[in-house]
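What follows is the residue order along each chain.
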Amino acid sequence: MRYALPLALSLALIANAASAKPPADAAPPETTAEVKASRAAAQQFSATLKDALQQAMNSSGPVSGMTVCHDQAGQIADKLSQELGMLVGRTSLKVRNPQNAPDNWELAVLKQFEARKAQGEPVDKLEFSAIIPDDQGQRTFRYMKAIPTATLCLTCHGGSISAEVDAKLKELYPNDKARGFKEGDLRGAFTIAKPMP
Ligand code: HEC
């Protein structure tokens, strides 16, 4: 995930991630204020981005939609992070932008989501949260919510991508791994972090 808040905080979170216990050990605090705020933040991020994307694609096509994802996804995340006092981002097991690569905790949760999906849980219901202490006793609340692949997404994340979109993707993301998805696949997850008092 991208770290938009002050560096010290970001570093603390990275340190937390390194010492994170496997998610299965951590009891999810189901209905805490943090969980509710995180659900709302993920929902807001999702809706804002999808609106901008759909609008650009409808009016000027997929390459223009890509500009929204390229230029605005990060900006929207940064703005929300500042407004909400939580780090808000997106990550995936197969990232397009290497800045979105998962840390250890996120990686474990994404794998957990894939396992739960394989057990039959609907992708749009998958979420997980935990409070993770670091070596200095600082605790961080973390939350992730799965992002399903919809039809709209296949234009840029599917198995057969148009030559025009393909060329632009190669130009912007030489290490792109976010292709070959099918509708209903787990595309990735929203990821949220907040230091606890
Ligand atoms: C017009 C092309 C386009 C469409 C359509 C599109 N995306 Fe993306 N997507 C991108 C680009 C470009 C990035 C890289 C953004 C960045 O640089 O942070 C991206 C990044 C992502 C990421 C962040 C992780 C990563 O791979 O870097 C997720 C999650 C994601 N897209 C999900 C979706 C979903 C879900 C949909 C459908 C609702 C969708 N995308 C539709 C182009 C697109």
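Here the structure is shown first, and the text comes after it.
Residues numbered from 1 in each chain as written. Predicted model: local features only at pLDDT ≥ 70, side-chain atom pairs only at ≥ 80, totals over all residues. Heavy atoms only, no water.

A. Quick look at the coordination of the iron atom of the ligand. For the iron atom of the ligand, the protein contributes exactly one donor atom, His-157 (NE2), at 2.1 Å. Summarising the element assignment, His-157 is placed in helix H5 (residues 154-157). (Donors = N, O, S within 2.8 Å, 3.2 Å for Na, K, Ca; no water. Helix = DSSP H or I, 4+ residues; strand = E, 2+ residues; numbered from the N terminus.)

B. The site of the ligand, seen in detail. Contacts to the ligand come from 22 residues, most closely from Cys-153, Cys-156, His-157, Tyr-173 and Arg-187. Between the ligand and Asn-97, the relevant distance is 2.9 Å, taken from an oxygen atom to a side-chain nitrogen or oxygen of the residue. Separating an oxygen atom of the ligand from a side-chain N or O atom of Asn-100 is a distance of 2.8 Å. Secondary-structure elements contributing two or more residues to the shell around the ligand are helix H2 (33-60), helix H3 (62-84), strand E3 (139-148) and H5. Among the elements that line the shell around the ligand, the one with the most residues is H3, at four residues. Of the residues contributing to the shell around the ligand, the split by class is 13 nonpolar, four polar and five charged. (Near = heavy atom within 4 Å. Polar contact = N/O pair within 3.5 Å; in protein donor to acceptor, adjacent residues only side chain to side chain. Nonpolar A, V, L, I, M, F, W, Y, C, P; charged D, E, K, R; others polar.)

C. Up close: the side chain of Asp-166. Mapping Asp-166 onto the fold places it in helix H6 (residues 163-172). Within polar-contact distance, the side chain of Asp-166 engages the side chain of Lys-170 at 2.9 Å. With sequence-adjacent residues up to four places away left out, Asp-166 is seen in contact with Ile-161 and Arg-179. (Contact = heavy atoms within 4.5 Å.)

Function cannot be read off these values alone, since they describe shape.
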